[in-house]
Amino acid sequence: MSELVLEVAQLCASYGKVQALHDINLTLERGSIATVIGPNGAGKSTLLNAIMGVLPAQGSVRYRGRAVERWSLEQRVMEGIALVPERRELFASMSVEDNLLLGGFRRLRLRQAQPMDQLPVVFDLFPRLKERRAQLAGTLSGGERQMLAIGRAMMAKPALLMLDEPSLGLAPRIVKEILQIVAELRSAGISVLLVEQNARAALQTADHGYVLELGKVTMQGESTRLAGDPQVIQAYLGFGKKAETEVVATS
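The rules behind these values
Residues numbered from 1 in each chain as written. Predicted model: local features only at pLDDT ≥ 70, side-chain atom pairs only at ≥ 80, totals over all residues. Heavy atoms only, no water. Core = buried A, V, L, I, M, F, W, Y, C linked by side-chain atoms within 4.5 Å. Buried < 20%, exposed > 50% of the residue type's maximum accessible area, 1.4 Å probe, protein only. Helix = DSSP H or I, 4+ residues; strand = E, 2+ residues; numbered from the N terminus. Contact = heavy atoms within 4.5 Å. Polar contact = N/O pair within 3.5 Å; in protein donor to acceptor, adjacent residues only side chain to side chain. Pairing = 2+ DSSP bridges. Axes fitted to C-alpha atoms, helices over the stretch in contact; angles between N-to-C directions. pLDDT = per-residue confidence, 0-100.

**Here's the deal with the nonpolar core**
L161 and V232 are the most contacted members of the largest nonpolar core, which has 47 residues in total. Core analysis: the next-biggest nonpolar cluster, separate from the first, contains 30 residues, I24, A34, I51 and M52 among them.

**Overview of the environment of S45**
In this fold, S45 is placed in helix α1 (residues 44-52). Separated by 88 residues in sequence, S45 and R133 have C-alpha atoms that sit 30 Å apart. Contact partners of S45, with chain neighbours within four places excluded, come to E86 and D164. A polar contact of 2.8 Å, which involves the side chain of S45, links it to the side chain of D164.

**Some remarks on the sheet that holds strand β10 (residues 216-222)**
Reading across the sheet, the six strands line up as β6-β7-β8-β3-β9-β10 and stay open at both edges, with mixed pairing between neighbours. In this open sheet, the two edge strands, each paired with only one partner strand, are β6 (81-84) and β10. Across this sheet, the average inter-strand angle for adjacent strands is 15°, counted without regard to direction. As judged from the four bridges shared by strand β3 (residues 33-37) and strand β8 (residues 191-195), these two strands associate in the parallel manner. In the strand pairing of β8, V36 is matched with V195. Contacting β3, β6, β7 (160-164), β8 and β9 (208-213), α1 crosses the sheet at an angle of about 150° to β7. With respect to the sheet, helix α7 (residues 142-154) is in contact with β6 and β7, its orientation differing from that of β6 by roughly 170°.

**Examining the confidence of the model for the chain**
Residues with a pLDDT of 70 or more make up 93% of the chain, whose mean pLDDT is 89. Contacts for the low-pLDDT stretch residues 239-251, under 50 throughout, to residues beyond four places or in other chains number six contacts.

**As for the sheet that holds strand β2 (residues 18-29)**
Strand order in this open sheet of four strands is β2-β1-β4-β5, and the pairing throughout is antiparallel. In this open sheet, the two strands that pair with only one neighbour each are β2 and β5 (66-67). Sheet topology note: the strand β1 (residues 4-15)/β2 ladder contains eight bridges and is antiparallel. In the sheet register, V8 faces β2, and the bridge partner there is L26. Packing of α1 onto the sheet brings it into contact with β1, β2 and β4 (57-63), and relative to β1 it is tilted by some 110°.

Have a look at this one:
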């Protein structure tokens, strides 16, 4: 039986009197990718922030079999949970390499052997970062900044990596490149929770999918099944019956 890295049950979160998440249930196995898709304002980023402990929440969150509701944000980071936020939050006036080295701080604090040994791994995944290792992070392109944000999170050797809209503002070619790298993380045993508005790319990358609407999970299942569901196609994959007919006619 596969190990469950993340188990979320009956999770609720609010902004003041406005409830943003309603009884969310979600699981993620070791070495698998789950994606959460849905429209703007559905609560996707809120879900990641609630799991990370950035936002107060009610319900159950278990990480590798342990309840984490009472853990601080720092405790969650130290235990191997990493969040790459939508804003990326890099240190613009520091070099690419220094940004990456900061990502190894967790392992340094834990006095792990060779805490910076992930640097060659990150450079293998993102050769462009190796080429620009001395360059200031603030001078990178949007795609390179996203690579750096993911690479910095990878330096901590997380068991759970959460990505918030990694394709935001990027050219389709760069999106494809980054998501291909995300898919490769399975082989390292890393579990990825991917929040993405580009539903087509997300479902092509993930093993399992959740559709979030108005703070509620309205559909879930294997990503290939969701990608073929008429409701998902019409609402999130960019074409309805007319376009489907055109695709059939030209195929």
